[in-house]
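# Tertiary structure, described
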Amino acid sequence: TIEFVRAAQLQGDEEPAAPPAPTQAQQQECIQAVRRSLPVFPFREELLAAIASHQVLIIEGETGSGKTTQIPQYLFEEGYTKKGLKIACTQPRRVAAMSVAARVAREMGVKLGNEVGYSIRFEDCTSERTVLHYMTDGMLLREFLSEPDLASYSVVMVDEAHERTLHTDILFGLIKDVARFRPELKVLVASATLDTARFSTFFDDAPVFRIPGRRFPVDIFYTKAPEADYLEACVVSVLQIHVTQPPGDVLVFLTGQEEIEAACEMLQDRCRRLGSKIRELLVLPIYANLPSDMQARIFQPTPPGARKVSELQKPLPHPVVLRGLGWGGASGAGSGEDARMQAVVVATNIAETSLTIEGIIYVLDPGFCKQKSYNPRTGMESLTVTPCSKASANQRAGRAGRVAAGKCFRLYTAWAYQHELEETTVPEIQRTSLGNVVLLLKSLGIHDLMHFDFLDPPPYETLLLALEQLYALGALNHLGELTTSGRKMAELPVDPMLSKMILASEKYSCSEEILTVAAMLSVNNSIFYRPKDKVVHADNARVNFFLPGGDHLVLLNVYTQWAESGYSSQWCYENFVQFRSMRRARDVREQLEGLLERVEVGLSSCQGDYIRVRKAVTAGYFYHTARLTRSGYRTVKQQQTVFIHPNSSLFEEQPRWLLYHELVLTTKEFMRQVLEIESSWLLEVAPHYYKAKELEDPHAKKMPKKTGKTREELG
Ligand code: ADP
Ligand code: MG
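Residues numbered from 1 in each chain as written. Chains lettered and ligands numbered in written order. Predicted model: local features only at pLDDT ≥ 70, side-chain atom pairs only at ≥ 80, totals over all residues. Heavy atoms only, no water.

## Considering the pattern of salt bridges
For side chains bearing opposite charge, pairing can occur when the charged atoms are close. Applying the stated criterion across every chain yields a total of 31 salt bridges. Residues R129 and E115 are paired through a salt bridge, measuring 3.1 Å at the closest nitrogen-oxygen approach. Linking R129 in the loop between β4 (123-125) and β5 (132-136) with E115 in the loop between α5 (94-108) and β3 (116-120), this pair joins segments that are 14 residues apart in sequence. Given the relative accessible area of 49%, R129 is considered partly exposed. (Salt bridge = Lys/Arg side-chain N within 4 Å of Asp/Glu carboxyl O. Helix = DSSP H or I, 4+ residues; strand = E, 2+ residues; numbered from the N terminus. Buried < 20%, exposed > 50% of the residue type's maximum accessible area, 1.4 Å probe, protein only.)

So, in structure tokens, the structure goes:
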């Protein structure tokens, strides 16, 4: 039989007639027109000629000029990917790698993952056909492990070089070396207008190609007096701009997800209270953990008028659409059919140079960013909110002048700008631990790290401490050479301590559980959610997952129950667990599981004997231990004062000995993800590192054994 469809249905009679969708050809023409309008376009031929005649070229251009999206395409069009070779383009940020690849795939009219792909840690969206390969700088670094001469690439573009991330800096040294014995390899170092002379000098005076920017003037405003609460000040200022300034989108720079969510919520609240007194305001958050479909919305033009509001409201909770009812006053602005809705994009410094958002007229800059710092004497790494550099502040301001003359409101004083901000951000290599990178370089056969070709060398103590720690973890022998275990640790794309924990799960026969713990730790801090209106329910749900022993077991418990639910999103919803974090954990877990064979760890389960899981974690994290003294927690070796994070399941229990996954400095030095251990385990897993004497407890008798009691009471 033949099935028929009613003609009326085919014509869509039941639905109101929609405007005809643009044909594919029309869409392509539009995209090509945009491509031709970018500042880099007039320099296409000149740029290609420069690339052809120099092996290394430094490319300097204002953010948004088309470096990242266009140059790899030009090279593709020019035939650099013939003979089965690929073009690599690195990005310091995962989000940028994904979003840029998606954009380029669209411009080329191909499916993402085919000719244009990306890879970021734990996520590979490439195929045999991929020739334009966007990736994080860390991923290219790992490529050296499997292909030390990068033989499958004809061009390597190290993008966002000015960010000076640890991985980018290491890449410089490695690529400079590869370029020497692969004269046909092209190396491009792309950077915003900062510091390009340094790159040129480093690469034996490579020429700098400048793409003149098109920047409209940006008027800069400072506050008269310092603001005590910059989050509050931000919210007030956004509304002030919204109400007093001519229409135009606002970009706000905050330091991280929590802050961004708080600010968005506050904005929403205030707008609702102001109701009809103000125009509509579209609030768009953007940060690394935001799912990519939500991120994509940032690039959509701000919709005209209110017609699209209902459509925009669908994917709640983000982005949030705030409805006012047009101007209350006599001006009538905003009440017209095609008056543009105003958007405020609340972003981390990803919007500083990695992503360009069109239509921004106002920038609001509180002047802070989240920065890693590292103390090589104590070995403590912390993430703190610190004032940004002048260079950053100027990049931020520049975002306001892309489409028209703009304004930048700095939430600090002109005096503070002059006297309190550093000129530039200290390169990451000088403020982070180096265990990871040292292990990688050692695996690449680079032994003499003191003489590695660094653009800026790391502090000597940091390098030394990394070697010491790798030695303690058994990755290096006493001569500083890579051991078998070290080689395996380098195979796993995670930190050395986490690698060690995974390797140790073989000995304690609990790799199933340890894989889960490792995966959950990798999506750290975004497992539970806590909506403002359901705080009590959310907290109860979280407490229900608590298991004696600590947070690692809580994570294990959450994952196990979720798996038992058939990986259900409904289950997540009911338990205040973030589904997308869990989905990511599952991905990570699968990938790690796939690598177990390579590192000779068999699959095994502890069958509920969690002591084994805890010992395996201790085998990796014996460096991160603290004990309870009469004056609170102190790290075991360095005697630093630290605190259990209030979100921890052990916050009330206060066990005598514990290990922590990481230390975060906010108001205090908080240990995040803590696990109760016994001091004797430290001697068992790291006899070369701990002496029995230092693990004795001088106060053992004087202190009531609070831990034990509480646990008994809990049953
Ligand atoms: P640069 O690398 O020089 O900063 P880009 O190549 O990233 O410049 O950006 C060129 C243009 O492409 C900009 O106008 C930017 O807005 C646009 N663009 C970049 N990424 C995306 C995206 N994911 N979606 C839509 N437009 C994008
Ligand atoms: Mg770029």
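## Some thoughts on the site of ligand 1
The local shell around ligand 1 holds 15 residues, among which G64, K67, T68, T69 and E358 are the closest. Between ligand 1 and the protein, one listed contact pairs an oxygen atom with a backbone N or O atom of G64 at 2.6 Å. Measuring from an oxygen atom of ligand 1, one finds a side-chain N or O atom of K67 at 2.9 Å. Taking 560 Å² as the accessible area of ligand 1 by itself, protein coverage stands at 94%. Broken down by secondary-structure element, the contributors of at least two residues to the shell around ligand 1 are α4 (67-77) and α5. No other element matches α4, which puts three residues into the shell around ligand 1. Partitioned by chemical class, the residues of the shell around ligand 1 number two nonpolar, eight polar and five charged. (Near = heavy atom within 4 Å. Polar contact = N/O pair within 3.5 Å; in protein donor to acceptor, adjacent residues only side chain to side chain. Areas by Shrake-Rupley, 256 points an atom, 1.4 Å probe, with all protein chains shown as cover. Nonpolar A, V, L, I, M, F, W, Y, C, P; charged D, E, K, R; others polar.)

## Thoughts on the packing of aromatic side chains
Counted by the stated rule, this structure contains 19 aromatic pairs. Consider the rings of Y222 and Y412, whose centres lie 6.2 Å apart with planes at 65°: the pair is edge-to-face. Separated by 190 residues along the polypeptide, Y222 in strand β9 (residues 218-222) and Y412 in the loop between β17 (406-410) and α15 (414-420) bring together distant segments of the chain. Take Y222: its relative accessible area is 31%, and that puts it in the partly exposed class. The exposure class assigned to Y412 is buried, which follows from its relative accessible area of 7%. (Phe/Tyr/Trp six-rings, centres within 6.5 Å; stacked < 30°, edge-to-face > 60°.)

## Concerning a nonpolar patch on the surface
Taken together, the side chains of M450, Y460 and L464 define a hydrophobic patch exposed on the protein surface, amounting to about 280 Å² of accessible area. Within the secondary structure, M450 is located in the loop between α16 (435-443) and α17 (460-472). (Patch = residues over 30% accessible without salt bridge, like charges linked within 9 Å, V, L, I, M, F, W, Y side chains within 5 Å.)

## A few points about the side chain of T618
Within the element layout of this structure, T618 appears in helix α25 (residues 610-621). The contacts of T618, once residues within four sequence positions are left out, are L659, I677, W681, L682 and V685. (Contact = heavy atoms within 4.5 Å.)

## Focus on helix α14 (residues 390-398)
Of all nine residues making up α14, eight are buried, and the element is well covered by its neighbours. Looking at α14, one finds that the buried residues are K390, A391, S392, A393, Q395, R396, A397 and G398.

## Describing helix α20 (residues 511-522)
Its twelve residues give α20 an end-to-end C-alpha distance of 16 Å, which sits within 8% of 16 Å, the value for a rise of 1.5 Å per residue. Within α20, ten of the twelve residues are buried, which leaves the element mostly enclosed by the surrounding structure. Every buried residue belonging to α20 is among S511, E513, I514, L515, T516, V517, A518, A519, M520 and L521, and all of these are buried. Elements in contact with the buried residues of α20: α19 (496-507), α22 (551-564), α24 (579-595), α25, β21 (657-665) and β22 (669-676). (Expected span 1.5 Å × (residues − 1).)

## A few points about the sheet that holds strand β19 (residues 632-635)
With mixed pairing, five strands are arranged side by side around a closed barrel as β18-β19-β20-β22-β21. Averaged over neighbouring strand pairs, the angle between their axes works out to 50° when direction is ignored. Here α25 sits on the sheet in contact with β18 (625-629), β21 and β22, set at roughly 55° to β21. (Pairing = 2+ DSSP bridges. Axes fitted to C-alpha atoms, helices over the stretch in contact; angles between N-to-C directions.)

## Overview of the side chain of E259
Along the chain, E259 falls in helix α10 (residues 257-274). The side chain of E259 is buried and forms no salt bridge, while K370, the nearest opposite charge, is found at 6.7 Å. A distance of 2.5 Å separates a polar atom in the side chain of E259 from a polar atom in the side chain of Y230. Discounting residues that sit within four places of it in the chain, E259 has contacts with Y230, L231 and L254. (Lys, Arg positive; Asp, Glu negative; His and termini not counted.)

## Quick word on the nonpolar core
Residues I170, F172, M501, V558, M582 and F622 are the most contacted members of the largest nonpolar core, which totals 107 residues. Top element by residues in this core is helix α7 (residues 166-181). It accounts for eight residues. Beyond its immediate sequence surroundings of up to four residues, F622 is in contact with A472, L473, L682, V685, A686, H688, Y689 and Y690. Membership of the second largest hydrophobic core comes to 31 residues, among which are I51, I71, C89 and V104. (Core = buried A, V, L, I, M, F, W, Y, C linked by side-chain atoms within 4.5 Å.)

## A word on unusual backbone geometry
Leave glycine aside and you will find that most residues have negative phi; peptide bonds, for their part, are mostly trans. Phi at Q607 is positive, roughly 55°, even though this residue is not glycine. Despite not being glycine, Q673 shows a phi value in the positive range, around 60°. When you line up the elements, Q673 lands in strand β22. For Q673, a relative accessible area of 12% gives the class buried.

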